[in-house]
Amino acid sequence: MPILQNTFVHHVHFWLKNKADKDKLIEGLNILLPIPHIRDIHIGVPADTNRDVIDRSYDVSLLILFDTPEAQEAYQIDPTHVIFAEEYAKPLCSKVVVSDSVNI
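The sections below set out a description of the structure shown in this document. This one's a predicted model, so the numbers in the text were calculated from it and none came from an experiment.

### Things to note about helix α2 (residues 69-77)
Part 1 of the reasoning: All of the buried residues in α2 are Ala71, Gln72 and Tyr75. Projected onto a plane normal to the axis of α2, the buried residues spread over an arc of 100° and lie on a single side. With respect to the buried face of α2, the exposed residues turned more than 90 degrees away are Glu70 and Ile77.
Part 2 of the reasoning: Tucked inside the fold, the buried residues of α2 contact β1 (8-16), β3 (60-66), α3 (79-92) and β4 (93-102).

Structure follows, in structure tokens:
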């Protein structure tokens, strides 16, 4: 199996203030799709897996792969990302946890 090279991984977990807003948050995440700095993107919800090490407490997740740290930095200031953060994530979420990683 090939190992991903030259990859910056940006993984975000969202906890909603109101569970009824899940579709609205997913709608917001979908506006990110055309951002040109993104190599690959996955929008998901917790899988039905139940092991002691699995945290299923979040409501929605976002996983984005970038070619470089600079591409991720450009994504952060992209106007569409700013709209998502201000109009969807901040008003709808009680908690957001980001994990960024780079190749070793």
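### Some remarks on the nonpolar core
Part 1 of the reasoning: Judged by nonpolar contacts, the single largest core of 20 residues is most densely connected at Phe14, Leu25, Leu29, Leu62, Tyr75 and Phe84.
Part 2 of the reasoning: Mapped by element, the contributors of at least two residues to this core are β1, α1 (22-30), β3, α2 and α3.

### Overview of the environment of lysine 90
Part 1 of the reasoning: Mapping lysine 90 onto the fold places it in helix α3.
Part 2 of the reasoning: As for lysine 90 and leucine 16, which are separated by 74 residues in sequence, their C-alpha atoms are 9.8 Å apart.
Part 3 of the reasoning: Filtering out sequence-adjacent residues up to four positions away, lysine 90 remains in contact with Lys17 and Ala85.
Part 4 of the reasoning: There is a polar contact of 2.6 Å between the side chain of lysine 90 and the side chain of glutamate 86.

### Focus: the packing of α2 against α3
Part 1 of the reasoning: α3 packs onto α2 with a crossing angle of 60° between their chain directions and a minimal axis gap of 5 Å. Considering the angle they form, α2 stands oblique to α3. Across from Tyr75, Gln76 and Ile77 in α2, the residues of α3 making contact are Pro79, His81 and Val82.
Part 2 of the reasoning: Looking at the contact of α2 with α3, its residues break down into 4 nonpolar, 2 polar and no charged.

Parameters at a glance
- Residues numbered from 1 in each chain as written.
- Predicted model: local features only at pLDDT ≥ 70, side-chain atom pairs only at ≥ 80, totals over all residues.
- Heavy atoms only, no water.
- Buried < 20%, exposed > 50% of the residue type's maximum accessible area, 1.4 Å probe, protein only.
- Helix = DSSP H or I, 4+ residues; strand = E, 2+ residues; numbered from the N terminus.
- Arc of directions from axis to C-beta.
- Contact = heavy atoms within 4.5 Å.
- Core = buried A, V, L, I, M, F, W, Y, C linked by side-chain atoms within 4.5 Å.
- Polar contact = N/O pair within 3.5 Å; in protein donor to acceptor, adjacent residues only side chain to side chain.
- Axes fitted to C-alpha atoms, helices over the stretch in contact; angles between N-to-C directions.
- Parallel < 35°, antiparallel > 145°, perpendicular 65-115°, else oblique.
- Nonpolar A, V, L, I, M, F, W, Y, C, P; charged D, E, K, R; others polar.

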